[in-house]
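# Remarks on the overall topology
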Amino acid sequence: MQNKIKMKPISPNEVKQKRIESIPDFVIEAANNLIAKKWNGFSSTFKLNELVKESLKIGGDEVSREDLFDNHSFDIEPIFEKAGWKVNFDKPGYNESYDSFFEFTPKKKNNE
């Protein structure tokens, strides 16, 4: 007896889209707030910990830091890149110690 597969496997593009859709609105709002607050006329840079604190402040008692990290809620780069930003996320490598941070710069219209 042959088993017919009714559920189709997810494609890489669908995974990307599902990941984007799973990021809570309050995390995007928190990032927007920090981008505006830290804007120097050319770019905006802020630490991951600042984004976590701002997200928890906006999200309220409904969320925990652990849940946000477990659900990859701070993987915001694709959302903001789609909106016209070049996003650099930098975290310490082996034997380095500094705070992870995001840097947002507007994409150049013709080059990127």
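Anyway, here's the lowdown on the structure attached to this text. Everything numeric here is computed off the predicted structure, so don't read it as measured data.

### Some points on the pairing of strand S3 (residues 101–106)
Across four bridges, the pairing between strand S1 (residues 44–47) and S3 is antiparallel. Bridging from a neighbouring strand, Thr45 pairs with Glu103 of S3. Of the strand pairs in this sheet, strand S2 (residues 85–90) and S3 are connected by six bridges, and their pairing is antiparallel. In the strand pairing of S3, Phe89 is matched with Phe102.

### As for helix H3 (residues 48–59)
With twelve residues, H3 ought to run about 16 Å at 1.5 Å a step, and its terminal C-alpha atoms sit 16 Å apart, in line with that. Following H3 by one or two positions, Gly60 has its phi on the positive side, about 75°.

### Some thoughts on unusual backbone geometry
Residues other than glycine seldom take positive phi values, yet His72 does so here, at roughly 55°. Within the secondary structure layout, His72 lies in the loop between helix H4 (65–70) and helix H5 (77–82). Positive phi, close to 65°, is recorded for Asn95, a residue that is not glycine. Looking at where Asn95 falls in the secondary structure, it is placed in the loop between S2 and S3. Judged by relative accessible area, Asn95 falls into the exposed class, the value being 72%.

### Comments concerning the nonpolar core
One finds Leu51, Ile76, Phe80, Phe102 and Phe104 to be the most contacted residues of the largest nonpolar core, which totals 21 residues. Breaking this core down by element, the ones donating at least two residues are helix H2 (25–38), H3, H5, S2 and S3. For this core, the element with the most residues is H2, which contributes seven residues. Contacts of Phe102, omitting those with residues within four sequence positions, involve Ser44, Thr45, Phe46, Leu48, Leu51, Phe74, Ile76, Glu77, Val87, Asn88 and Phe89.

Parameters and conventions
Residues numbered from 1 in each chain as written. Predicted model: local features only at pLDDT ≥ 70, side-chain atom pairs only at ≥ 80, totals over all residues. Heavy atoms only, no water. Pairing = 2+ DSSP bridges. Helix = DSSP H or I, 4+ residues; strand = E, 2+ residues; numbered from the N terminus. Expected span 1.5 Å × (residues − 1). Buried < 20%, exposed > 50% of the residue type's maximum accessible area, 1.4 Å probe, protein only. Core = buried A, V, L, I, M, F, W, Y, C linked by side-chain atoms within 4.5 Å. Contact = heavy atoms within 4.5 Å.

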